[in-house]
Amino acid sequence: MLHRGPGEGKFLLMREWRLVIWLSLAQMISWGTLFYGFAVIVGPMERELGWSKTEIYAAASLGLMVSGLVALPIGAWMDRHGGLLSMTGGSIAGGLLMIAWAFVETPAQFYAIWICMGAVLACVLYSPGFAVVAANVGDWKRGILIMTFLGGLASTAFIPLGHYINDLFGWRRTAMIWGLVNLTVCVAIHLYWLRGTRAKGEAAAQADAGASESALKLAMRRPAFWGLGFVYFVYNFAVNAITFHLIGLLGERDVDPDTIMLVWATIGPMQVAGRMSLFAFGSQINARLIARVAMAGLLIGMATLATGVATLAPLLVFAFFHGAGNGLMTIVKGTIAPDIFGPRAYATVNGALTVPHQFAAAAAPVAAAALWGVFGYDGVLLILLGLLSAGFLAMLAVTAARRAA
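Values in this document were obtained by computation on a predicted structure and should not be read as measured data. (Residues numbered from 1 in each chain as written. Predicted model: local features only at pLDDT ≥ 70, side-chain atom pairs only at ≥ 80, totals over all residues. Heavy atoms only, no water.)

Draft legend 1. Representation of the overall build of the chain. Within the chain, the secondary structure is distributed over 16 helices and zero strands. Taking 2.2 N^0.38 as the reference for a compact globule, 405 residues should give roughly 22 Å; the C-alpha atoms of the chain span a radius of gyration of 21 Å, in line with that estimate. With the principal axes as the frame, the chain shows a C-alpha extent of 65 × 45 × 35 Å. Counting across all 405 residues of the chain, residues that qualify as buried make up 53%. Put simply, of all contacts in the chain between residues at least 6 apart along the chain, 85% involve residues at least 24 apart. Working note: accessible area of the chain is about 17,300 Å², and carbon and sulfur atoms make up 69% of it. Averaging the locations of the 25 positively and 18 negatively charged side chains of the chain gives two centres separated by 13 Å. (Helix = DSSP H or I, 4+ residues; strand = E, 2+ residues; numbered from the N terminus. Rg over C-alpha atoms; globule rule 2.2 N^0.38 Å. Buried < 20%, exposed > 50% of the residue type's maximum accessible area, 1.4 Å probe, protein only. Contact = heavy atoms within 4.5 Å. Areas by Shrake-Rupley, 256 points an atom, 1.4 Å probe, with all protein chains shown as cover. Lys, Arg positive; Asp, Glu negative; His and termini not counted. Charge placed at Lys NZ, Arg CZ, Asp CG, Glu CD.)

Draft legend 2. Region of interest: the packing of aromatic side chains. Scanning the entire structure with this criterion turns up 19 aromatic pairs. Both rings, one in Trp 22 and one in Trp 193, keep their centres 6.4 Å apart while their planes meet at 15°; by these two values the pair is stacked. Residue Trp 22 is found in helix α1 (residues 6–35), and its partner Trp 193 is found in helix α9 (residues 171–193); the two are separated by 171 residues along the sequence. A relative accessible area of 38% means that Trp 22 is categorised as partly exposed. On the accessibility criterion, Trp 193 (11% relative accessible area) is buried. Through a chain of ring-to-ring contacts, the aromatic side chains of Trp 31, Phe 35, Tyr 36, Tyr 126 and Phe 130 assemble into a single cluster. (Phe/Tyr/Trp six-rings, centres within 6.5 Å; stacked < 30°, edge-to-face > 60°.)

Draft legend 3. How the structure looks around the environment of Tyr 57. Within the fold, Tyr 57 resides in helix α3 (residues 53–81). The class of Tyr 57 is partly exposed, set by a relative accessible area of 34%. Sequence-wise, Tyr 57 and Val 120 are 63 residues apart; in three dimensions their C-alpha atoms are separated by 18 Å. If near-sequence neighbours (up to four positions away) are discounted, Tyr 57 is found in contact with Phe 38, Val 42 and Phe 244.

Draft legend 4. How the structure looks around the pattern of salt bridges. Under the definition given, this model contains five salt bridges. Here Arg 288 makes a salt bridge to Asp 339, at a shortest N to O gap of 2.5 Å. Of the two residues, Arg 288 is situated in helix α14 (residues 287–306) and Asp 339 in helix α15 (residues 312–341); the sequence distance between them amounts to 51 residues. Here Arg 288 matches Asp 339 in class, with each residue buried. Bridged by salt links that share partners, the residues Glu 48, Glu 105 and Arg 172 form one connected network. (Salt bridge = Lys/Arg side-chain N within 4 Å of Asp/Glu carboxyl O.)

Draft legend 5. Expanded view of the state of the cysteines. Throughout the structure, instances matching the rule amount to zero disulfides. Of all cysteine sulfurs, the one in Cys 116 lies closest to Cys 123, which takes part in no disulfide; the gap is 12 Å. As a non-bridged cysteine, Cys 186 has Cys 123 as the owner of its nearest cysteine sulfur, 13 Å distant. Overall, the relative accessible area of 0% leaves Cys 186 in the buried class. (Disulfide = S-S within 2.5 Å.)

Draft legend 6. Spatial organisation of the side chain of Ser 67. Relative to the assigned elements, Ser 67 resides in helix α3. In this structure Ser 67 comes out as buried when scored by relative accessible area, which is 3%.

Draft legend 7. Quick look at the side chain of Asn 240. On the secondary structure map, Asn 240 appears in helix α12 (residues 223–252). We classify Asn 240 as buried; its relative accessible area is 14%. Apart from residues lying up to four places away in sequence, Asn 240 is in contact with Ala 361 and Ala 364.

Here it is, written out as structure tokens:
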């Protein structure tokens, strides 16, 4: 092993953190344009084309399902080759698909774009970024924390900006502008900063050298793997059900619109605040403890909402716990797998765990609507509360599991 002088070590450390900052900026742009761009564009698109909400949102569900299906092979690719080709190619494809969206005239064209967009999301959003940081940054837990902090600002920055651009130019030109941003800024960041990055960290490389079986097969033999997959499904199902139905739910309780908007506006900052609270811990971040606290926060938030509250103070209690728990769970998704299953094949194992997570995101809005038709929103909340209770118990069991060698 070559000895590195103080100057060289300092330079490499600075480059690590520049890599984190630039990749985090690309994450914020990718989330803000490719993911949250949907929320900005679909309203005016629906009014112009006369499509139903079901037709439009079915495209997003298809995309999220595809994202879950391809997450595992993309993770395996990154473990072998690194993130340069997959993340740069994802930004190129995402930009071109956004531009194609600007010319959509039929539902079939829209579905085709979003089926392809699902693969793009799996190539560029959090999980691939986490894998690059874990393989190339010494204090990788803090690196992931910074990435989620900046990524969490995507909706705050890009939804208002998207509405402003849409008001000026219309939804078609907004889609084209977002496409060009991906083709220029995100492609440039990935192409420059991912050159020369490693596919896996030193600890993973050493573990791989003496291993005879794949890390994924070893992980799948452990109950903790299936328990964590269940937790991810329950967590994302509950969070996405609330995300898509909170306004309608509170409207049924005759909560005034200003209060609803205040509650909704509180959740996002609480997500960021939950992540910011971890900066003091740096590399000493305890992923297992954070996982328990995050699920407990989500459970408390859901229990508060399920009591039928309709006034501001208790609704803000819900927003605090729900937002903070959701923000912390993003950190958990980036840090807990290597803590339990060891450092080998980070991207592959995390990709496999992304499958139930993405399927839950795709199913939750439609499933919650169907359950509402049978049980009403009070019944839906009790079902979600039961699922989160089971998820919390599963997380306690998962985090008690010993770490793989």
